[in-house]
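# Survey of secondary and tertiary structure
Chain by chain, the residues run as shown.
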Amino acid sequence: MENGFIQPVPFQQVKLEDEFWYPRLKTQSEVLVPYAFEKTANAVENLLRTGSFLKGIADELPFAHRYLSSDLYKVMEGAAYILMLEQNKRIEAKMDSIIQIIGDAQKEDGYLYVAHTVGVKDRYDPWGGAGMGDKPYSFVLHSHELYNMGHMYEAAVAYYQATGKREWMDIAEKNARHVNKVFFEGDKNYNDGKPVNQAPGHEEIELGLIKLFRVTGDSLYLNMAKKFLDIRGVTYKPEGKGVMSATYSQQHLPVAQQREPVGHAVRAAYLYSAMAEVQSLLKTDEYTEALNSIWQNIMDTRMHITGGLGAVHGIEGFGAEYELPNAGAYNETCASVGNVFFNFRMFLLTGDARYLDVAEVALYNNSLAGVSMSGNNFHYVNPLEFDGEKPYNFGNPGRSPWFSTACCPTNIARLIPQVSGMAYTYDANNIYTGLYMGSATSIPVMGSNVNIRQITKYPFEGKVRFEISPDKPEKFTLNLRIPTWAGKQFVPGELYNYINENEAPVKIKLNGKAVNPEMKNGFALINRKWKNGDVVELTLPVSVKYNTSIDLVEENRNRVAITRGPLVYCAEEIDNGDAVFNFAVAEPSSATEIKENIFSEGELANIVQVSVPAIHYPSEGKTKSSLKLVPYFTWNNRGQGSMAVWIPQSSSVNDETHLAPDNDKGTLHQVQVSRSGQNTLEIEISSKIPQENTDPQWVSCPTDENPWMEIPCDQGKEVQSISVYWHDNGTDCLVPEEWELEFRSCTTWQPFQIYATDHYSTFRKQFNMVHPAAPLKCNALKLKLKPNPGKLAGIQSIRIDYTR
Ligand SMILES: [Zn+2]
């Protein structure tokens, strides 16, 4: 290994032995991955039909979708990681059969994309036929052709590493060579033979290519990754608005000249991850200024305390500096997964522990909140406040069993098995501890194999014991990460600060004796000749901390967030007997008033709950009370109720005013519907899932084939989303065949552009939610629908939400 290169001990060489991650890994292999295979069966079917089509059997064509196969590839990547940890013949056989199907769906020249191969159009296409372009690579901005392939490369590499089987690698490499030819050399069958030479609208292929390079050593792939980075914002710039804007897909400037995070947060995080990794592999410093500046800007102005990125709805991305709403936070699960990837790569590039600190916070909080404790219920959107009713999570006022755009659950499928790969890293004469977890591994350092066993109850307890046994005595430096949260603030950057500092210092003992090692780059350095049986004990001060945020974040003024170790805590209604908005946190007058309790059973068994002094404001008066909080990642596992991370400080609460947020209850007035003359409807707004068998608020007229509904809007506010709950009694009134919206800002009706990942869905028993592609103010919305032939359509509930 070359000097100065930090590299991770691969996760499959780290044996998990702890109570936090090991059970999650079990859930992963027993529940999440099999379940995700079930849910992505439609992607397999689509590929199967594509293969039949190529063989000349075209009985049934696949349905058009731009990125469905990427979800399958991510599940398969996650499954491959599980195969590295444990043998599973059933999963392996399933993988082999799907790989065969993928191979059959690939064209002879390497091209692999269901819709163009078969010639079907995207039915959900928000760009009027151009969502995937008319032919291959004609709309690289949004077709996701290369995005799918990036995920396939990552999965193929994982499966090859797990089993040594080459079939999928061959498919992946064949595609990569094809992409190289079409994009950078010219292929007579594509783009009139001219090189396409355009960067994809959704980054990912760069990361996939780097993995292909790492496993094959073929520099073609690394060079391709570098080219895709360097033509970004150079050879092509979109010039529209919203999802068609240059910033949305980070194409406003050459990447080396970018200085702030912009646009869609998942794309951005994958881009920055690829830049960091290419830079460390090629040992250039071309991206240094861009990476440092973007990272610093995120930390100082644009990251939620949970490690969430992409605070705003609509573009699913970065808003203005300090725009960090709580109830309205977007924080897609994938974006925080990307934040973990980005920061881990920044650590490998620089050796600075603060990047691991950010990766840790993004992992334990926003990312883990993306999946239920049971492993089969998910968050796409991760707000920091919930009124108990509003359908924040793509039509659901709670977790969802799956999504029509399933990027988030499938990212969880592949993230969790990799977590132990962030526990240890090393270079020529250093071992670095990364994320702390009970584990055992063996690391080659200076010609010795160093066996390490780590014993800890992290993240709930701060004691970490290392038993170090090199196979022969050897001199090297053990670098113990001292997380930012163990010091004066929770995460790096200017956004968040502790009110109550850590009283207890960080303690380190070497073979039972206290030591006070030199600190460098966030690590405590113990340099010595290590011998069999050495023991290092690290004690980090895990205790309840009150955090404030910088005053520029308006929503958090006079509020505190509770953290403990690397975990952000939140208050949930179920623990407090009342809406959490009726509580304010009192000054922590003495530490004894803060209590901790471990759940002994139930969904949150073994999770540490905390209780802090508070004032309760019931409907009248106020009483001294306490507020119970649980780790944010565990929220919404015990039924639906209000939740808040940022709690008002009692000193700031005017006793006369009520604390509860405006949860948009009320009535939609003056709703006009087709075939009703001058009559108008009043519609009750509620986000509660309607009871079964309740009457619809509106049903179409039997002779009306194109019914519509006009809803007056608040023109002073920006529309954030529209959610429709269809009435469906299973007999004469069904969910409609299709529907769409128009808006009116003056007098004429215009098409309502929904954003990239939305479509006008018609699911039963849930809110079907769409968002405007760009900020939108209007005086009315028109809902147009097409009932199923011979059937009625009806609405049970509907709501329009505005940006606060
Ligand atoms: Zn996602």
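Calculation rules
- Once a new chain begins, its residue numbering starts again from 1 and follows that chain's sequence as written.
- Note on the predicted model: pLDDT of at least 70 is required for a residue's local features to be given, and 80 or more for side-chain atom pairs to be given and counted; whole-chain, interface and lining totals, by contrast, use all residues.
- Only hydrogens and water are set aside when side-chain values are computed; all heavy atoms of the structure are taken into account.
- Strands were regarded as paired on the criterion that DSSP finds at least two bridges between them.
- Only DSSP runs of H or I reaching four residues or more are called helices, and only runs of E reaching two or more are called strands; each is numbered from the N terminus.
- Any residue under 20% of the maximum accessible area for its type is buried, any over 50% is exposed, and the rest in between are partly exposed; the area is computed with a 1.4 Å probe on protein chains only.
- For Phe, Tyr and Trp, rings pair up if their centres lie within 6.5 Å, where Trp contributes its six-membered ring, and each pair is then called stacked (planes under 30 degrees apart), edge-to-face (over 60) or tilted (otherwise).
- Geometrically, a charge over a ring is one whose NZ (Lys) or CZ (Arg) sits within 6 Å of the ring centre while staying within 35 degrees of the ring normal.
- Helix axes use the C-alpha atoms of the stretch in contact, all axes being lines fitted to C-alpha atoms, and the angles between their N-to-C directions lie in the range 0 to 180 degrees.
- Relative orientations are named as follows: roughly parallel for angles under 35 degrees, roughly antiparallel for angles over 145 degrees, roughly perpendicular for angles from 65 to 115 degrees, and oblique for any other angle.
- The handedness criterion is simple: a crossing whose near helix is rotated anticlockwise from the far helix by less than a right angle is left-handed, and one whose near helix is rotated clockwise is right-handed.
- Two residues qualify as a contact provided that any one of their heavy atoms is within 4.5 Å of a heavy atom in the partner residue.
- Basically, the charged four are Asp, Glu, Lys and Arg, the nonpolar ten are Ala, Val, Leu, Ile, Met, Phe, Trp, Tyr, Cys and Pro, and anything else, Gly included, counts as polar.
- Coordinating donors are taken to be N, O and S atoms lying within 2.8 Å of the metal, or within 3.2 Å when the metal is Na, K or Ca; because water is excluded from the atom set, some sites may appear incomplete.

### Describing the sheet that holds strand 7 (residues 448–456)
Pairing within the open sheet is antiparallel, and its seven strands lie in the order 2-6-7-8-15-11-12. What marks the edges here is a single partner per strand, and that holds for strand 2 (15–16) and strand 12 (513–515). Where strand 7 lies against strand 8 (residues 463–470), seven bridges are found, and the strand directions are antiparallel. Bridging across to strand 8, Val-450 finds its partner in Pro-470.

### As for unusual backbone geometry
A cis amide bond, omega 5°, links Tyr-458 with the succeeding residue Pro-459. Of note, the phi angle at Gln-250 is positive, near 55°, even though the residue is not glycine. Following the sequence through the fold, Gln-250 ends up in the loop between helix 9 (219–230) and helix 10 (265–282). A positive phi angle, near 50°, is found at Lys-283, a position not held by glycine. Mapped onto the secondary structure, Lys-283 falls in the loop between helix 10 and helix 11 (288–302). Judged by relative accessible area, which is 54%, Lys-283 ranks as exposed.

### Focus: the packing of aromatic side chains
Tallied over the entire structure, the rule returns 39 aromatic pairs. Taken together, a centroid distance of 5.7 Å and an interplanar angle of 85° make the contact between Phe-378 and Trp-402 edge-to-face. Note that Phe-378 is positioned in the loop between helix 13 (353–367) and strand 3 (385–386) and Trp-402 in the loop between strand 3 and helix 14 (407–415), a separation of 24 residues in sequence. Residue class for Trp-402 comes out buried when judged on its relative accessible area of 15%. When the centroid spacing of 4.8 Å and the interplanar angle of 70° are considered together, the rings of Trp-739 and Tyr-760 count as edge-to-face. In this pair, Trp-739 is assigned in strand 30 (residues 738–744) and Tyr-760 in the loop between strand 31 (749–751) and strand 32 (768–770), connecting sequence segments 21 residues apart. Residue Trp-739 shares its accessibility class with Tyr-760, and that shared class is buried. Through pairs of rings, three or more aromatic residues link up here, namely Phe-20, Trp-21, Tyr-364, Tyr-436, Tyr-458, Phe-460, Phe-466, Trp-485 and Phe-633. Looking at Arg-528, its charged tip hangs above the ring of Trp-530, at a distance of 5.1 Å from the centre.

### Focus: the packing of helix 8 (residues 205–216) against helix 10
One way to put it is that helix 8 packs onto helix 10 with a least axis distance of 9 Å and a crossing angle of 30°. Between helix 8 and helix 10, the angle falls in the class roughly parallel. Viewed along their axes, helix 8 and helix 10 form a crossing whose handedness is left-handed. When helix 8 is examined against helix 10, the residues Glu-206, Leu-207, Ile-210, Phe-213 and Arg-214 are found in contact with a partner set consisting of Tyr-270, Ser-273, Ala-274, Glu-277, Val-278 and Leu-281. Classifying every residue of the contact of helix 8 with helix 10 by side-chain character gives seven nonpolar, one polar and three charged.

### Considerations on the environment of Lys-513
Note on placement: Lys-513 falls in strand 12. Note on Lys-513: relative accessible area 63%, which makes it exposed. Put simply, Lys-513 and Val-536 are 23 residues apart on the chain and 9.2 Å apart in space, counted from C-alpha to C-alpha.

### Some remarks on the coordination of the zinc ion
Around the zinc ion, the protein contributes the donor atoms Glu-332 (OE), Cys-334 (SG), Cys-407 (SG) and Cys-408 (SG), at 2.0 to 2.3 Å from the metal centre. Written as a sequence motif, the donor arrangement for the zinc ion is E-x1-C-x72-C-C. Remark: Cys-408 occurs in helix 14 and Cys-334 occurs in helix 12 (residues 333–350); sequence separation between them is 74 residues. For the pair Cys-334 and Cys-408, a shared accessibility class is recorded, and that class is buried.

### Examining the pairing of strand 29 (residues 719–727)
By the criterion of burial, strand 29 is predominantly enclosed, with nine of the nine residues buried. Pairing geometry for strand 29 and strand 34 (residues 794–802), over eight bridges, is antiparallel. Across the sheet, Val-724 pairs through a bridge with Ile-798, a residue of strand 34.

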